[in-house]
Amino acid sequence: MRASLAPVAAAFALAAPLALVPAASAQSTTLKAVIFEEVKPLYQKSGGSFEGFGVDVLEQIRIQARRRKVDYRVASSVKDGINAVITGKADIACGVAFTWGRATQLSYSIPFAIGGTRLLTASNTTVDGTPDSLKGQTVGVVRDTASANVLKSVAPGASFKRFNTPAEALAAYNNGDVSILGGGTLWLAANSRPETSALLPFRPYGRSGVGCIVNQNNGKLLSATNVAIGQMMQAYMDGDAGTREMVNRWLGPGSTVGLSQEAIKSLYGLMLSVTAEISTTIDPGS
């Protein structure tokens, strides 16, 4: 059974800690970015660096912000990663699900995805995703993530095994230490096995915008981030070949996520419709 996605794209709610580093300078030519290792399709190790959709988004932001390079800071846990941005030890983190609590301490960019909390399990499972079916079940989650909080609320009869990082949680699932893994749809789909996996329920338990976070005192970087993300989404909708190739590699047809171009266009159109003027094609005389 192929792991199916909900009608609208969802993305993993990133949140993980980071080793302490010198405070980021507002005039720095380097964009200091918190990332989470092996959180496909956003980030994955590639030789001595990283690749993924989150890396590509950060590159667009780097160009718009006129920085010379991106310095990736791998977070060791959700809480510490977010704190690195709050305290100015890092400039930005991309792929972070919106919560009201975080919004009191950080500034969010416009979203580039919609996050949804779901479950990854074997295709022959007796669990159907309803709260009743989760009673007495153990679900692996990443500590301090939005998805962990959502699952605790919607499935009070389940017990939860918490891991510090997405990599730890995924390893536990793959090793059979937990038979159910909870998290963001995009992350779960990218790490599923179509022949043996199921994503439940069909519609996520909860949804939230997923974008980038910056320090509340860094309005200039926030503006550059919004422009970069907005232009990326508009370019995809306009059919720009380079942008579609970039996005489709991680999210679109042929990727492990497998969204159609129409689904991505619909998502981007929805998000731009409430944040920016959208270019549209007008038929003469209409």
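Residues numbered from 1 in each chain as written. Predicted model: local features only at pLDDT ≥ 70, side-chain atom pairs only at ≥ 80, totals over all residues. Heavy atoms only, no water.

Asker: Which parts of the structure should I look at to understand the overall build of the protein?
Answerer: Helix and strand counts for the protein stand at 9 helices and 12 strands. The buried share of the protein, taken over its 286 residues, is 54%. Looking at the protein alone, contacts between residues at least 24 apart form 74% of all its contacts between residues at least 6 apart. Total accessible area on the protein is roughly 12,700 Å²; 49% of this is exposed by carbon and sulfur atoms. (Helix = DSSP H or I, 4+ residues; strand = E, 2+ residues; numbered from the N terminus. Buried < 20%, exposed > 50% of the residue type's maximum accessible area, 1.4 Å probe, protein only. Contact = heavy atoms within 4.5 Å. Areas by Shrake-Rupley, 256 points an atom, 1.4 Å probe, with all protein chains shown as cover.)

Asker: Hey, could you run me through the pattern of salt bridges in this one?
Answerer: Note on pairing: side chains with opposite charge can pair once their charged atoms come close. Throughout the structure, instances matching the rule amount to 6 salt bridges. Here Arg-73 and Asp-71 are joined by a salt bridge, their closest N and O atoms 2.7 Å apart. Classification of Arg-73 as buried rests on a relative accessible area of 13%. With its nearest N and O atoms 3.4 Å apart, the salt bridge here joins Asp-132 to Lys-135. (Salt bridge = Lys/Arg side-chain N within 4 Å of Asp/Glu carboxyl O.)

Asker: Can you walk me through the confidence of the model for the protein in this structure?
Answerer: Detailed reading of the predicted model is not advised wherever pLDDT is low. For the protein, per-residue confidence averages 86 on the pLDDT scale, and residues scoring 70 or more make up 87% of the total. Segment residues 1-26 is flagged for pLDDT under 50; beyond a separation of four residues in sequence, or across chains, it makes 121 contacts in the model. Considering only residues more than four positions removed or in separate chains, one finds that residues 282-286, a stretch of pLDDT under 50, has 0 contacts. (pLDDT = per-residue confidence, 0-100.)

Asker: Looking at this structure, I do not really get unusual backbone geometry. What am I missing?
Answerer: With the exception of glycine, most residues fall at negative phi, and the peptide bonds are largely trans. Omega for the bond connecting Lys-40 with Pro-41 falls within 30 degrees of zero, at 0°, which places this linkage in the cis form. Looking at the element boundaries, Pro-41 is found in the loop between β1 (30-35) and β2 (44-46). Here the bond from Leu-200 into Pro-201 is cis, since omega is -15°, no more than 30 degrees from zero. In this fold, Pro-201 is placed in the loop between β11 (197-200) and β12 (207-215). At Arg-66, a residue that is not glycine, the phi angle is positive and equals roughly 60°. Note that Arg-66 resides in the loop between α1 (53-65) and β4 (69-74). Its identity as a non-glycine residue notwithstanding, Asp-144 has a phi of 70°, on the positive side. Considering the arrangement of structural elements, one finds Asp-144 in the loop between β8 (138-142) and α4 (146-154). Owing to a relative accessible area of 41%, Asp-144 belongs among the partly exposed residues under this scheme.

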